[in-house]
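Now for the letters of each chain:
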Amino acid sequence: MIIGYVIGESKPTRITALASRALSIGEYVIINSDEGKILGLVERSYVSSVALSDVRNFDEAVESKEIAEINKRDKGYTSQIMILGFLDKLQKGQSIVPAIPPLPGTEILEASKKDLEKIFGPDGNEWIRIGSLLRNPEIDAKININKIVARHVGILAMTGMGKSNLVSLLAKQIDSLNGTVIIFDYHDDYSNLAIPRINVIDAKINPRLLDAESLGEVLEIRDNASIQQRILRMAFTKQVKESKDFWMVLNDQVEEIIQLNKKDKKEYTYSGGRVQDKIDDAQHKFSDILDPDVVDPIGLIKEGRINVLNISSLSEKQANVAVSYYLQELLNDRKESIRAKNAKQTKKRSPRFGTSIFVVIEEAHVFIPKGEDTQAKYWASKIAREGRKFGLGLAVVSQRPRSLDPNILSQMGSLAIMKIVQEDDQSQITSAAESISKNLIEQLTSLNVGDAILVGQWANLPSIVHIQEVKEKTMGADQNAVTEWAVAKKFEGIAKESTQKLIQKDLLVD
Ligand SMILES: Nc1ncnc2c1ncn2[C@@H]1O[C@H](COP(=O)(O)OP(=O)(O)O)[C@@H](O)[C@H]1O
Ligand SMILES: [Mg+2]
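Residues numbered from 1 in each chain as written. Chains lettered and ligands numbered in written order. Predicted model: local features only at pLDDT ≥ 70, side-chain atom pairs only at ≥ 80, totals over all residues. Heavy atoms only, no water.

Right, let's get into the overall build of the chain. Along the chain, the regular secondary structure elements total 17 helices and 17 strands. The C-alpha radius of gyration computed for the chain amounts to 30 Å, which surpasses the reference 24 Å derived for 510 residues by more than 25%, pointing to a less compact arrangement than a globule. By its C-alpha atoms, the chain is 95 × 90 × 45 Å across when sized along the principal axes. Counting every position in the chain, which comprises 510 residues, the buried fraction comes to 49%. For the chain, restricting intrachain contacts to residue pairs at least 6 apart in sequence, the fraction spanning at least 24 positions comes to 71%. For the chain, the computed accessible surface area is about 25,700 Å², with 50% contributed by carbon and sulfur atoms. Mean positive and mean negative side-chain charge positions of the chain (67 and 70 charges, respectively) differ by 5 Å. (Helix = DSSP H or I, 4+ residues; strand = E, 2+ residues; numbered from the N terminus. Rg over C-alpha atoms; globule rule 2.2 N^0.38 Å. Buried < 20%, exposed > 50% of the residue type's maximum accessible area, 1.4 Å probe, protein only. Contact = heavy atoms within 4.5 Å. Areas by Shrake-Rupley, 256 points an atom, 1.4 Å probe, with all protein chains shown as cover. Lys, Arg positive; Asp, Glu negative; His and termini not counted. Charge placed at Lys NZ, Arg CZ, Asp CG, Glu CD.)

Once that is clear, we can look at the sheet that holds strand 11 (residues 199–202). Read across the open sheet, the 11 strands follow the order 8-7-17-16-15-9-14-13-10-12-11; overall the sheet is mixed. Each edge of the open sheet is held by one strand with a lone partner, namely strand 8 (140–144) and strand 11. Each adjacent strand pair in this sheet contributes to an overall mean axis angle of 30°, direction not counted. By the bridge criterion, 5 bridges tie strand 10 (residues 180–185) to strand 12 (residues 306–310) in an arrangement that is parallel. Its bridge partner being in strand 12, Ile183 is matched across the sheet by Val308. Running over the sheet, helix 3 (residues 113–120) touches strand 7 (127–133), strand 8 and strand 17 (463–467) and is turned about 25° from strand 8. The strands that helix 5 (residues 163–176) touches are strand 7, strand 8, strand 9 (153–156), strand 10, strand 12, strand 13 (357–361), strand 14 (392–398), strand 15 (414–417) and strand 17; relative to strand 7, the one it contacts most, it runs at about 145°. (Pairing = 2+ DSSP bridges. Axes fitted to C-alpha atoms, helices over the stretch in contact; angles between N-to-C directions.)

Another aspect to go through is the site of ligand 1. Of all residues adjacent to ligand 1, which total 17 residues, the nearest are Gly160, Lys163, Ser164, Asn165 and Ile467. At 2.6 Å, a backbone N or O of Gly160 approaches an oxygen atom of ligand 1. A total of 550 Å² of accessible area belongs to ligand 1 in isolation, and the protein chains cover 83% of it. At the level of elements, helix 5 and strand 17 are the ones that each hand at least two residues to the shell around ligand 1. For the shell around ligand 1, the leading source of residues is helix 5, giving 3 residues. For the shell around ligand 1, the class distribution of residues is 6 nonpolar, 9 polar and 2 charged. (Near = heavy atom within 4 Å. Polar contact = N/O pair within 3.5 Å; in protein donor to acceptor, adjacent residues only side chain to side chain. Nonpolar A, V, L, I, M, F, W, Y, C, P; charged D, E, K, R; others polar.)

Turning to the confidence of the model for the chain, a few remarks are in order. Caution applies to low-pLDDT parts of the model: their predicted coordinates are not meant to be read in detail. Per-chain confidence: the chain averages 89 in pLDDT, with 94% of residues scoring 70 or above. The lowest-confidence element of the chain is helix 17 (residues 481–509), averaging 66 in pLDDT; the highest-confidence one is strand 1 (residues 2–7), averaging 97. (pLDDT = per-residue confidence, 0-100.)

The geometry of an aromatic ring pair is captured by the separation of the ring centres together with the interplanar angle, meaning the angle of the planes. All chains considered together, the criterion is met by 7 aromatic pairs. Taking 5.7 Å as the distance between ring centres and 85° as the angle between the ring planes, the aromatic pair formed by Tyr325 and Tyr326 counts as edge-to-face. The class for Tyr325 is buried, based on a relative accessible area of 9%. When the centroid spacing of 5.1 Å and the interplanar angle of 90° are considered together, the rings of Tyr378 and Trp379 count as edge-to-face. The exposure class assigned to Tyr378 is partly exposed, which follows from its relative accessible area of 46%. On the basis of relative accessibility, which here comes to 13%, the residue Trp379 falls in the buried class. Ring pairing ties together the aromatic residues Phe184, Tyr325 and Tyr326, which thus form one cluster. (Phe/Tyr/Trp six-rings, centres within 6.5 Å; stacked < 30°, edge-to-face > 60°.)

To continue, consider the environment of Gln468. Structurally, the position occupied by Gln468 is in the loop between strand 17 and helix 17. Relative accessible area serves as the criterion here: at 32%, Gln468 is assigned to the partly exposed category. Between the alpha carbons of Gln468 and Ala141 there is a distance of 9.8 Å; along the sequence they are 327 residues apart. Contacts of Gln468, omitting those with residues within four sequence positions, involve Arg129, Ile130, Gly131, Asn165 and Leu169.

The next thing to look at is helix 3. Buried within helix 3 we find Asp115, Leu116, Ile119 and Phe120. Buried residues of helix 3, seen end-on, are gathered within an arc of 90° and therefore sit on one face of the element. Within helix 3, the exposed residues directed more than 90 degrees away from the buried face are Lys114 and Lys118. (Arc of directions from axis to C-beta.)

Before going further, it helps to spend a moment on the pairing of strand 4 (residues 36–49). Judged from the 6 bridges that link them, strand 3 (residues 28–33) and strand 4 form a sheet pairing that is antiparallel. Residue Val29 lies in a different strand from strand 4, and its bridge partner there is Gly40. Taking the residues that link successive antiparallel strands as the turn, the strand 3-strand 4 hairpin has 2 residues. By the bridge criterion, 11 bridges tie strand 4 to strand 5 (residues 75–86) in an arrangement that is antiparallel. Each bridged residue has a counterpart across the sheet, and for Arg44 the counterpart in strand 5 is Gln80.

On to a positive patch on the surface, then. A cluster of basic residues, Lys37, Lys92, Lys114 and Lys118, forms a positive patch at the surface. Relative to the assigned elements, Lys37 resides in strand 4. On the accessibility criterion, Lys37 (38% relative accessible area) is partly exposed. (Patch = residues over 30% accessible without salt bridge, like charges linked within 9 Å, V, L, I, M, F, W, Y side chains within 5 Å. Salt bridge = Lys/Arg side-chain N within 4 Å of Asp/Glu carboxyl O.)

Below you can see the structure in the form of structure tokens.
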């Protein structure tokens, strides 16, 4: 069915269309050019009225409205359409843009289900369904899992727009493929995800395995407490690392340093005492996290499962040390695994994971911040660069793209972007991802919860989709204060009533 014609000046990448109805942003159309059918995406849409433009007062507006209603020629529906490529090529996964711009007068047709379904919902077990096209809801939207494990994905949106929902959906789908996922769960969002064999574990750090700087961080010694840092560095000897009673021996070592410097460096007495306080804290306040007897923290992660690593009780610095430790170990393990496969000989340490791993970093701006060096950032950027060779994929999830390291963001081969209003955030995304056009970015403010723009290698084409909701979980939902209060009040009433009844009963008995 013809819904419009190409008008004005065309480019090989963009045309203007005049249509018989308002086209929706995100809708796909067919440009029926002489060279073949071309697929286009509506990026902008305008409606204008001849009678109602240039109206200067209210009475004129009332009259013009009446005229506009009876005059069939009054309304003009103009839209800008991005050219995506020849339809038959796109259906084979290739994007070829015409060399010659479509001529003005070329017909624009509605895209049929048959036209679109091969492109957005290809067959093959690496394509998993995550929802449907927002403007063509009868079409499945699928993404290619292989591409994100190999080339990473960024999931960016304001709070409450559906980032964690998408992560949950990906986790569920990967679980059904028997894949391995590790989610660093900073807000305890995922522990009640309805996945049968989900492995929820508390992240643990073995202090013996850290360097002195990281140990200082997990002990929460301030960055500018340089004497405390120095004392810890001196005390954290090989002998301490290997001692059976780690914390006690470390404490003794600090004591020895205090005594040795009692005369010359009096400040050591105070600072050493502070370090000892921190060591004491470590054994009480942080004993769940800092465990010198956990042999192998990575050993808690299970292959072929969804692993939720709870880091919600850790301070920001501790979480950073934990994430960095796990990322480093995972990358080394994957390298080992690939080497072992290639060499076909037994190594002294056999790798733990034989297959690819997908790692999700929520609140990524905390761990890979812009303009600041953290250990987690060092390892995340290494994985972003090298991970594909070793089958280690990253998902970087954040509600503050402007605070994310732009280098790492630009390494994300695919992106899901949901509603984002802040301009800083939008411009950071445009500069990191060349595949997203400025027109698409402008749509971000008008998206609803669960709507996402997908770009990059995991989809055949940029698309605007509505992501399926993972219903059987309660994470991330806004608290409903009014209902809570009402329920509390009701219970209060019931409690009062029943106490009164009891009292009355008591009276009767007496
Ligand atoms: N695709 C979706 N469709 C419908 N509702 C959704 C969708 N994604 C998320 N929601 C709703 O929005 C709420 C917040 O989603 P969440 O994924 O936790 O957001 P974020 O992680 O971005 O803060 C959820 O409780 C869920 O009910
Ligand atoms: Mg979330």
